[in-house]
Structures are given as structure tokens and as C-alpha cells.
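# Summary of structural features
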Amino acid sequence: MSKQKILSLLNQSEGYLSGAEMSRQLGISRAAISKAVESLRQEGYEIDAVTNRGYKLLSSPDRLTEGEILPYLSVRHVARHLEVFATIDSTNNYLKRESGNLPDGATAVADQQTGGRGRLGRSFASPEGKGIYYSVLLRPDLPPAEAVNLTAYVAVAVCNGIEEATGVRPQIKWTNDIVMNGRKVCGILTEMAIEGETAALQYIVTGIGVNVNQTAEDWPEELKAIAGSIAQAVGHPVRRGRLAACLLNALDRVYLDWLAGNHASYLEQYRKDCLTVGREVKLLRSGGEEIATAIGIDDKFGLIVRHPDGREETVTSGEVSVRGLYGYV
Ligand code: BTN
């Protein structure tokens, strides 16, 4: 713990910070400071030490730890309770398992998932050191029917967070894939628990998986046309600690706005961000595939499509492929 506190002091300090000052601020001995600094160096932090001046952080490895996230975090609700795991089966599973013991807004972040889950029972590749996998437990006092559109707001929040961290705004492939340079860089899986007897909403777990620093070689052949990373899109590696904080800050703001009923501006933003509209789409249905044109997003974030015979329909769920994207030509 003192290691994280030392790191945060060094992060905040512009110049050298003396061992005596750190020892005073943290209430621990100078020997403990020197031991913690050594241990941080072993983890890849480059820390200069100069007699009579103290310590200065020269560079940090790209690690997804509390110490790398907290300095940038500014939240009122989401992530006020934050747990960061080096590895876990799935951050969604963790929050669901612990939902009875954790506060509203509790957030789990992982550097690696061994059983990452995607929509429709698929798996979500979550290798260590490359991405950000995070989930948030929410208990809004709303009927389930009013909570289903939260996932669209989460998509806007992800775009806000990535734009804040990189200066580049991603797009949304309906309903909730986040796309940069024509490749999926993030997926969202929102799950809800509803009480059987009363149909009351017990909790929502929204889980977000972001591909951050993968390079072209990291994608298996079958994913090369579909998956991408933020680093590939912006042309340089992105520090995950700060990005994670930007994503959580953005989700915090969006969630509080959603609760407050500030819906109009998010619907407008979603419409602007959604790349599906105006394109030819393939609707994957139980009876087979249908080709249509996406013509808009309705007030409940449904996708309005026009069929070749002129008939219009609003699609609210299911798989929709977009021509020109993910290898659909
Ligand atoms: C999808 O694109 O199908 C949704 C992927 C959602 C992945 C995230 S990673 C964090 C959270 N934990 C999981 O097991 N899944 C979600």
C-alpha cells in the first residue's frame, strides 16, 4: 500500500521529492521509503535518487494498477469503490458474485481475464498487458424497461473517454461496438438481475472490454478484418492507467446524467457517433438473413431500417452487419 502512495506522491511531484518529506507525509520510516522505491524499480519504474534532493520518477511502465489510475480519477459515483485485479475470470462475473457485498457504483478493473465473456454467449479475448477490462455494478431505482437503454449511454461514455485520452473520437456500430479505423476496439456487455416475484430491477452490471495496445501481430487471422486496437488507430501506444481513468470519469458523468433524465443530448450524440446509419446492413434473423438500409436511430435507440420493398422497421436487438465493415463486402 505504501508503494502505491509513494508512487502517487512521485507522480504529483514536478521535481525531486525528499525521502524525509515522503516519510513525513506518509507517516512511515525513511528505510521503508527506500525499500518501497527499490521494489517499484523492480517493477519497471525508473526512479532517480540524488543525495540531498531525493527521488524523481523518470518513467513508468504501462501497468494497469490502482496507482496508475487514481491520480487521474475524478468521480462522484462510479468507481468510488474501485478494485483492480492483475487477473480474474471475468469482471462481470466478479461483480455479479459479490453484488450482495458491494456498494452501488462498485467497479472492477482487470489487466487480464481468463474467462472474458461477450454478447450472445461468446468469449471475449482479454490478454494481459494489452487492454482494459472493467465492469460497474449499478442499482438505479428504475423499472427494468427503463434501464435497458443504459448500454447505449455506456457506448457514448466510452467514446467520450477515448476521445478525452487520445484526442480521437471513435464511432459506434449499432448497438454498442466501439469502432476506430473500421475495426472493433471495444465491446460492451450489460447484464441485469430482476427479481422473479416482483419483476423489480436488483442490479445492472455493465462490462466493457477495450483493446488498447494490441499490434497487428496480436490478432489471429480470423479476427484481422474485425478487431483492432486504439494504438493501431492513433498510431502510438496509449497509457492504460490514464485511459482507464478517462473511461471511468466519462462513465460517471454519463451515468449521473442518465439517472437525472438528461436524455436528449445523449440521443443526439449517439446519432452523431453511430456509423451504421446511411449504410446497407444485413440483419441476421432466425429465419435467415435480410438486406436493408439503416436510415436512423429512434428515440429509444432502436435502429430504423428500410427494406428493399420500402417497408420500414425498427430493430431493437440482434445481430446487424454493416456493409464495408468487419470484412462484410
Ligand atoms: C461483446 O463485444 O460481445 C461484449 C464484450 C464485453 C467484454 C467485457 S470485458 C469486461 C467485462 N467482463 C466480461 O467478461 N465481459 C465484459
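All of the points below concern the structure found in this document. (Residues numbered from 1 in each chain as written. Predicted model: local features only at pLDDT ≥ 70, side-chain atom pairs only at ≥ 80, totals over all residues. Heavy atoms only, no water.)

### Considerations on the overall build of the protein chain
- Counting its regular elements, the protein chain contains ten helices and 14 strands.
- Against the 2.2 N^0.38 benchmark of 20 Å for 329 residues, the protein chain shows a C-alpha radius of gyration of 22 Å, consistent with a compact globule.
- Projecting the C-alpha coordinates of the protein chain onto the three principal axes gives extents of approximately 80 × 50 × 35 Å.
- Across the 329 residues of the protein chain, 48% fall into the buried class.
- In the structure as shown, the protein chain presents an accessible area of about 15,500 Å², 47% of it carried by carbon and sulfur atoms. (Helix = DSSP H or I, 4+ residues; strand = E, 2+ residues; numbered from the N terminus. Rg over C-alpha atoms; globule rule 2.2 N^0.38 Å. Buried < 20%, exposed > 50% of the residue type's maximum accessible area, 1.4 Å probe, protein only. Areas by Shrake-Rupley, 256 points an atom, 1.4 Å probe, with all protein chains shown as cover.)

### Digging into the layout of surface pockets
- Approximately 830 Å³ is the volume attributed to the largest pocket.
- As for the largest pocket, its lining consists of 42 residues, and the residues nearest its centre are R122, S123, F124, D177 and K184.
- Counting only elements with at least two residues in the lining of the largest pocket, the list comes to α5 (91-97), β5 (131-138), β8 (183-194), β9 (201-211) and β14 (319-322).
- Of the residues assigned to the lining of the largest pocket, the class counts are 18 nonpolar, 17 polar and seven charged.
- By volume, the second largest pocket amounts to about 680 Å³.
- Mapped by element, the contributors of at least two residues to the lining of the second largest pocket are α6 (144-147), α7 (150-166), β8 and α10 (264-273).
- The element that contributes the greatest number of residues to the lining of the second largest pocket is β8, accounting for five residues. (1 Å grid on protein atoms, 1.4 Å probe; cavity = no way out; pocket = protein on both sides within 12 Å on 5 of 7 lines; lining within 4 Å. Points joined across faces, edges and corners; volume = space filled by probe spheres on them. Nonpolar A, V, L, I, M, F, W, Y, C, P; charged D, E, K, R; others polar.)

### Details of the site of the ligand
- Taken together, the neighbourhood of the ligand is formed by 19 residues, with S90, Q113, R117, R119 and K184 sitting nearest.
- In this structure, T91 approaches the ligand through a side-chain N or O atom, which is 3.3 Å from a nitrogen atom.
- R119 has a polar backbone atom sitting 2.7 Å from an oxygen atom of the ligand.
- Starting from 420 Å² of accessible surface for the ligand in isolation, the protein chains cover 97%.
- Under a 2 Å grid-point criterion requiring more than half of the atoms, the pocket assigned to the ligand is the largest pocket.
- Elements represented by at least two residues in the shell around the ligand include exactly α5, β5, β8 and β9.
- Of all the elements, β8 adds the most residues to the shell around the ligand, at four residues. (Near = heavy atom within 4 Å. Polar contact = N/O pair within 3.5 Å; in protein donor to acceptor, adjacent residues only side chain to side chain. Sits in = over half its atoms within 2 Å of the grid points.)

### Let's talk about the sheet that holds β9
- Pairing is mixed in the open sheet, where seven strands are placed in the order β3-β4-β5-β9-β8-β7-β6. Edge positions in the sheet fall to β3 (82-85) and β6 (171-173), since each of these pairs with one other strand and no more. Direction aside, neighbouring strands of the sheet carry axes that sit 20° apart on average.
- On the sheet, α7 packs against β5, β6, β7 (177-180), β8 and β9 and is oriented at approximately 140° with respect to β8. (Pairing = 2+ DSSP bridges. Axes fitted to C-alpha atoms, helices over the stretch in contact; angles between N-to-C directions. Contact = heavy atoms within 4.5 Å.)

### Side note on the pairing of strand β10 (residues 280-285)
- As paired elements, β10 and strand β11 (residues 288-297) share six bridges and run antiparallel to each other. Residue pairing for β11: L283 is matched across the bridge by E290.
- If you look at the hairpin formed by β10 and β11, you'll find two residues sitting between the two strands.
- Alignment of β10 against β14, held across four bridges, turns out to be antiparallel. Directly across from L284, in β14, lies its bridge partner E319.

### Description of the pairing of strand β12 (residues 303-306)
- Along β12, the buried face is formed by L303 and V305; none of I304 and R306, which line the opposite face, is buried.
- Relative to β12, β11 is paired through four bridges, and the arrangement is antiparallel. Directly across from A294, in β12, lies its bridge partner V305.
- Taken together, β11 and the strand that follows it, β12, pair antiparallel across an intervening segment of five residues, in which F301 is found at a positive phi of about 70°.
- In this structure, β12 lies alongside strand β13 (residues 312-315), joined through four bridges in antiparallel fashion. By the bridge assignment for β13, R306 is matched with E312.

### A few points about the pattern of salt bridges
- Across all of its chains, the model carries 25 salt bridges by this definition.
- Taking the shortest distance from any N to any O, the salt bridge between D299 and R271 comes out at 3.1 Å. A residue pair is termed long-range when its members are at least 10 positions apart, and D299 in the loop between β11 and β12 and R271 in helix α10 qualify at 28 residues.
- Taking the relative accessible area as the measure of exposure, D299 reaches 60% and is therefore exposed. (Salt bridge = Lys/Arg side-chain N within 4 Å of Asp/Glu carboxyl O.)

### So, the environment of A86
- Note on placement: A86 falls in the loop between β3 and α5.
- Placed 27 residues apart in sequence, A86 and Q113 show a C-alpha to C-alpha distance of 8.7 Å.
- Not counting residues up to four positions away in its chain, the partners in contact with A86 are D111 and Q112.

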